[in-house]
Amino acid sequence: MTRKHFVTTDWLAEHLASPDVVVVDASWYLPGSNRDGREEYLEAHVPGAVYFDIDDVKDPDSPLPHMLPDPIVFSAKMRKLGIGDGQRIIVYDGDGFFSAPRVWWTFRLMGVEDVTILEGGFARWTAEERPVEAGPVERRERHFTARFDHGGVRDTEEVARALQTDSAQVVDNRPTARFTGEAEEPRAGIPSGHMPGAINLPGPDLLTPDGSLKDDQALRETFAAAGVDLSRPIITSCGSGVTASATNFALEVLGYHNHALYDGSWTEWAQSGKPIVKGRD
């Protein structure tokens, strides 16, 4: 049985030609990884897939990387990609479960209900020797209506208040060494460390050795082991708002809906003058 918010490669292969299905390549990689999502997309992608560039579909006025655009900007970008109302959106990335959750979350935040992630991503698609194509894909423009969910995103002051009042748990999914300040951040000029009172649950802890999302019971055990109380509100965070969305996705899969994402995440917090903690609380 397919898990909620996922589709299998078998399902996609069967429905690839369906007129109401649009496939979105969301591949994005951390600075310093020596990988370029757009270049890899142009070299090979699922037939008919369009490329959602996280560094282009963003707030053009923010100095921070890939911050959420307003609904008007987002609607215009989607219209040009040929993504419109009434379509079923299937998102994948090159690694399998890395940047696709961010694009899934963005669509959900903009009011799209029918958006899912390809289980195993492009890595599984190619491992199964399914067809690929190269070059850009152009789709006919379609009308896209964005209905922004303000409750799904938080800013720095809201996060600071949540930490001070303990009204929500802040779950940071960066690697432990960056959280404790023992390793550098991938972005130049950004100190490592964490927000006072934040909980560390590294993103890879949500995954199995093959890079798939853990089953429901294992996910619950992982959250519990990290000290996350699933009965209380959660705000997710990471380096720049991309990989934190994997935690939001996992919570939705488990049926927990009282969560939001700190879009500026550590990049914004570390530059805001807010307190930074090294080591473990």
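What you are looking at is a predicted structure, and each value in this text was computed from that prediction instead of being measured.

So, how was this worked out
- Per chain, residue numbering runs from 1 following the sequence as it is written.
- Only residues with pLDDT of at least 70 are given local features in this predicted model, and only at 80 or more are side-chain atom pairs given and counted; all residues enter the totals for whole chains, interfaces and linings.
- Side-chain calculation: all heavy atoms of the structure are included, whereas hydrogens and water are not.
- By the convention used here, strands pair only if DSSP detects at least 2 bridges between them.
- A helix here means a DSSP run of H or I that spans at least four residues, while a strand means a run of E at least two residues long, and both kinds are numbered starting from the N terminus.
- Burial status follows relative accessibility: with a 1.4 Å probe on protein chains alone, a residue under 20% of its type maximum counts as buried, one over 50% as exposed, and anything between as partly exposed.
- By definition, residues are in contact when any of their heavy atoms lie within 4.5 Å.
- Axis lines are fitted through C-alpha atoms, for helices just across the contact stretch, and the angle between N-to-C directions can take any value from 0 to 180 degrees.
- The scheme is simple: roughly parallel for angles under 35 degrees, roughly antiparallel for over 145, roughly perpendicular for 65 to 115, oblique for anything else.
- Should the near helix be turned anticlockwise from the far one by less than a right angle, the crossing is termed left-handed; should it be turned clockwise, right-handed.
- Polar here means any residue other than Ala, Val, Leu, Ile, Met, Phe, Trp, Tyr, Cys and Pro, which are nonpolar, and Asp, Glu, Lys and Arg, which are charged; Gly is therefore polar.
- Note on terminology: a nonpolar core comprises buried Ala, Val, Leu, Ile, Met, Phe, Trp, Tyr and Cys residues joined through side-chain atoms within 4.5 Å.
- This arc corresponds to the set of directions leading from the helix axis out to the C-beta atoms.
- We define a polar contact as two N or O atoms separated by no more than 3.5 Å, with the added condition that, inside protein, one atom must be a possible hydrogen donor and the other a possible acceptor, whereas residues neighbouring each other in sequence contribute only through side-chain atom pairs.
- For Phe, Tyr and Trp, rings pair up if their centres lie within 6.5 Å, where Trp contributes its six-membered ring, and each pair is then called stacked (planes under 30 degrees apart), edge-to-face (over 60) or tilted (otherwise).
- In this scheme, Lys NZ or Arg CZ marks a charge over a ring once it lies within 6 Å of the ring centre and within 35 degrees of the ring normal.

Asker: An account of the sheet that holds strand β6 (residues 153-154) is requested, with residue identities and associated values reported.
Answerer: Strand order in the open sheet made by the 5 strands is β6-β10-β9-β7-β8, with parallel pairing throughout. Edge strands, defined here as strands with exactly one partner in the open sheet, are β6 and β8 (199-200). Pairing analysis gives 2 bridges linking strand β7 (residues 169-172) to β8, with the strands arranged parallel. Residue pairing across strands places Asp 172 opposite Asn 200, the latter belonging to β8.

Asker: Let's hear about the pairing of β7: which residues, and what values?
Answerer: What you see with β7 is no split at all: Gln 169 and Val 171 on one side and Val 170 and Asp 172 on the other are buried throughout. As paired strands, β7 and strand β9 (residues 234-237) are joined by 4 bridges and run parallel to one another. Directly across from Gln 169, in β9, lies its bridge partner Ile 234.

Asker: If you had to explain the sheet that holds strand β5 (residues 115-118) to someone new, which residues and values would you point to?
Answerer: The strand order across the open sheet formed by 5 strands is β1-β5-β4-β2-β3, and the pairing between neighbours is parallel. With partners counted over all chains shown, the strands left at the sheet margins are β1 (6-7) and β3 (50-51), one partner each. Direction of pairing for strand β2 (residues 21-25) relative to β3: parallel, over a ladder of 2 bridges. Following the sheet pairing, Val 24 is matched in β3 by Val 50. With respect to the sheet, helix α4 (residues 100-109) is in contact with β2, β4 (88-92) and β5, its orientation differing from that of β5 by roughly 175°.

Asker: I'd like a rundown of the packing of α4 against helix α9 (residues 245-253), residues and numbers included.
Answerer: For the pair α4 and α9, the least separation of the axes is 8 Å and the interaxial angle reads 65°. With respect to α9, the axis of α4 lies roughly perpendicular. Considering only the axes of α4 and α9, their crossing is left-handed. Counted together, Pro 101, Arg 102, Trp 104, Trp 105 and Arg 108 of α4 and Ser 245, Ala 246, Asn 248, Phe 249 and Glu 252 of α9 form the full contact between these two elements. Its residues assigned to classes, the contact of α4 with α9 comprises 5 nonpolar, 2 polar and 3 charged.

Asker: Would you mind going over the nonpolar core in detail, with residue names and values included?
Answerer: In terms of nonpolar packing, the biggest core is built from 51 residues, with Phe 52, Met 78, Ile 83, Ile 89, Phe 107, Leu 213 and Phe 223 touching the most fellow members. Those elements that place two or more of their residues in this core are β2, α3 (71-81), β4, α4, β5, α8 (216-226) and α9. Residue contacts for Met 78: discarding those within four places in its chain leaves Phe 52, Val 57, Ile 83, Phe 107 and Phe 144.

Asker: Describe α3, with residues and values.
Answerer: Residues Phe 74, Ser 75, Met 78 and Leu 81 constitute the buried set of α3. Angularly, the buried residues of α3 cover 125° about the axis, an arc narrow enough to put them on a single face. Residues of α3 that are exposed and angled more than 90 degrees away from the buried face: Ile 72 and Lys 80. Looking at the buried positions of α3, the neighbouring elements they touch are β3 and α4. Between the side-chain oxygen at the start of α3 and the backbone nitrogen of Ile 72 there is a gap of 3.0 Å, and the oxygen is on Asp 70. Phi turns positive, to about 80°, at Gly 82, one or two residues after α3.

Asker: Report on the packing of aromatic side chains, specifying residues and quantitative values.
Answerer: According to the stated counting rule, one finds 12 aromatic pairs in the structure shown. When the centroid spacing of 5.4 Å and the interplanar angle of 65° are considered together, the rings of Phe 97 and Phe 249 count as edge-to-face. Here Phe 249 lies in helix α9 and Phe 97 lies in the loop between β4 and α4, a separation of 152 residues in the sequence. Phe 97 gets classed as buried once you look at its relative accessible area, which sits at 9%. Every member of this aromatic cluster is reached through a ring pair, and the members are Phe 6, Phe 97, Trp 104 and Phe 249. Over the face of the ring belonging to Trp 125 we find Arg 130, whose NZ or CZ atom lies 5.6 Å from the ring centre. Its end group placed over the ring of Trp 266, Arg 174 keeps NZ or CZ at 4.5 Å from the ring centre.

Function cannot be inferred from these measures alone, as they are strictly geometric.
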